[in-house]
Each structure stands twice: as structure tokens, then as C-alpha cells.
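Residue-level structural notes
The residues making up each chain are set out below.
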Amino acid sequence: FDAVKVNWMNVLPNTLKMAATDKDEEEFVKTLKKLVGQLQDGHGFVDYGIRNRFIPPITLDRIEGKIVVTYIAKPIEGLHLGDSILSVNGQPIEQVFREKGELVSAATEQWKRFRILSDLLAGQKDELVQLEIEPWQKLGQKSRISLKCETRVDPNYGLSSINDKQNPKVSEIE
């Protein structure tokens, strides 16, 4: 704990107070994730409910300061590679990114960004995620789209089967 610049003598009592007053399991898990997130260690995470987490069949990345669609597992009307995500369920994308970031423990910014992006649109099975997007073909214009959370998130660091399909393994080197 000495490597991280956090005043644990303040953090622990504050976190215990928050945990004691959390109204339900979801808030309690979020409180635990915020505590673990302050460890700044990629080995730390709260494995609660991840087996029941699903994501839409797309992958995102941060490109030139924007959250951009970089892979689509199957055709989705109104969504294209390169489209920027502006909001998720009515919340600005940067706010969602920042809030998810508070729940992720990572030693490097790259691992933290990967973990956040992997979980950015996660929800329960068949839950609809409402996105406001800026199509790359029509910069400056906005459109709305609903995506279904249908791809199970793997409990191993939040990776999904989408990542395997996007980056197929090399089967033979010639």
C-alpha cells in the first residue's frame, strides 16, 4: 500500500461509512469497486456479478480523444466503424468513462483504459443500451441507436469473446 499515494487512514473509514449506508447490493458493490480502484493494481478487482454481465456485439477504443467503434461483430443498422459515441443512456460519454474509471484498479493507464472500454456498455442480458452517436460519414450530425447487451463478458478481466474474434490467433507462420 506504500506505493500508492492514497491516505488509507481516511479512505477506509469513509468507505466503511458509505458501505454501511448503501441502499442495495448494486451500490455496495460499486463502493467496493471504488475502494479497490484506488489500489492502482491490475490484479485487484471485485468479481461480483461479472458472470451475468453482457455487452453489445461491438468493440470501442479511444482515438483522438473520442470513444470510437472499432469492431462490429454483426451488421447493426445505423452503426458503422469509426462512429463516435457521444452518450450512453443519456449520460455524456466522458462522464460514463470517468465514473467507470473510478471502479477500475490498474497499474497502467493502458490497462485501465482497456478495462473501462471493455465494460463501458455492459448490462444485464438483453438489456438495451441507448447510444447517441456521431456517424463518421456525417461529422457534426447526431443520431440515436439502441443496442442489445447479448455477448457475455468473460470473468477473466472483463474480456469478451468479441476480442478473440477481432484478433484471431495465428494458426501457422510460414
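So, a few notes on the structure that sits alongside this text.

**Quick word on the pairing of strand β3 (residues 66-72)**
In terms of burial, β3 is largely enclosed, as five of its seven residues are buried. The sheet contact formed by strand β2 (residues 58-63) and β3 spans six bridges and is antiparallel. Among the inter-strand pairings, aspartate 61 is bridged to a residue of β3, identified as valine 68. Here β2 folds back onto β3, and the loop between the two strands holds two residues, one of which, glutamate 64, carries a positive phi near 50 degrees. Bridge count between β3 and strand β4 (residues 84-88): two bridges; the pairing is antiparallel. Residue pairing across strands places isoleucine 67 opposite isoleucine 85, the latter belonging to β4.

**Some points on the environment of threonine 70**
Tracing the backbone through its elements, the reader meets threonine 70 in strand β3. What makes threonine 70 partly exposed here is its relative accessible area of 28%. Once the C-alpha coordinates of threonine 70 and serine 84 are considered, the two residues, 14 residues apart in sequence, prove to be 9.7 Å apart.

**Examining the packing of helix α3 (residues 93-101) against helix α4 (residues 109-119)**
The contact between α3 and α4 brings their axes to 9 Å, and the two run at 115 degrees. Remark: the crossing between α3 and α4 carries right-handed chirality. Residues Phe97, Lys100 and Gly101 of α3 touch α4, and the partners they reach there are Lys112, Arg113, Ile116, Leu117 and Asp119.

About the criteria used
- Residues numbered from 1 in each chain as written.
- Predicted model: local features only at pLDDT ≥ 70, side-chain atom pairs only at ≥ 80, totals over all residues.
- Heavy atoms only, no water.
- Buried < 20%, exposed > 50% of the residue type's maximum accessible area, 1.4 Å probe, protein only.
- Helix = DSSP H or I, 4+ residues; strand = E, 2+ residues; numbered from the N terminus.
- Pairing = 2+ DSSP bridges.
- Axes fitted to C-alpha atoms, helices over the stretch in contact; angles between N-to-C directions.
- Left-handed = near helix turned anticlockwise from the far one by under 90°.
- Contact = heavy atoms within 4.5 Å.

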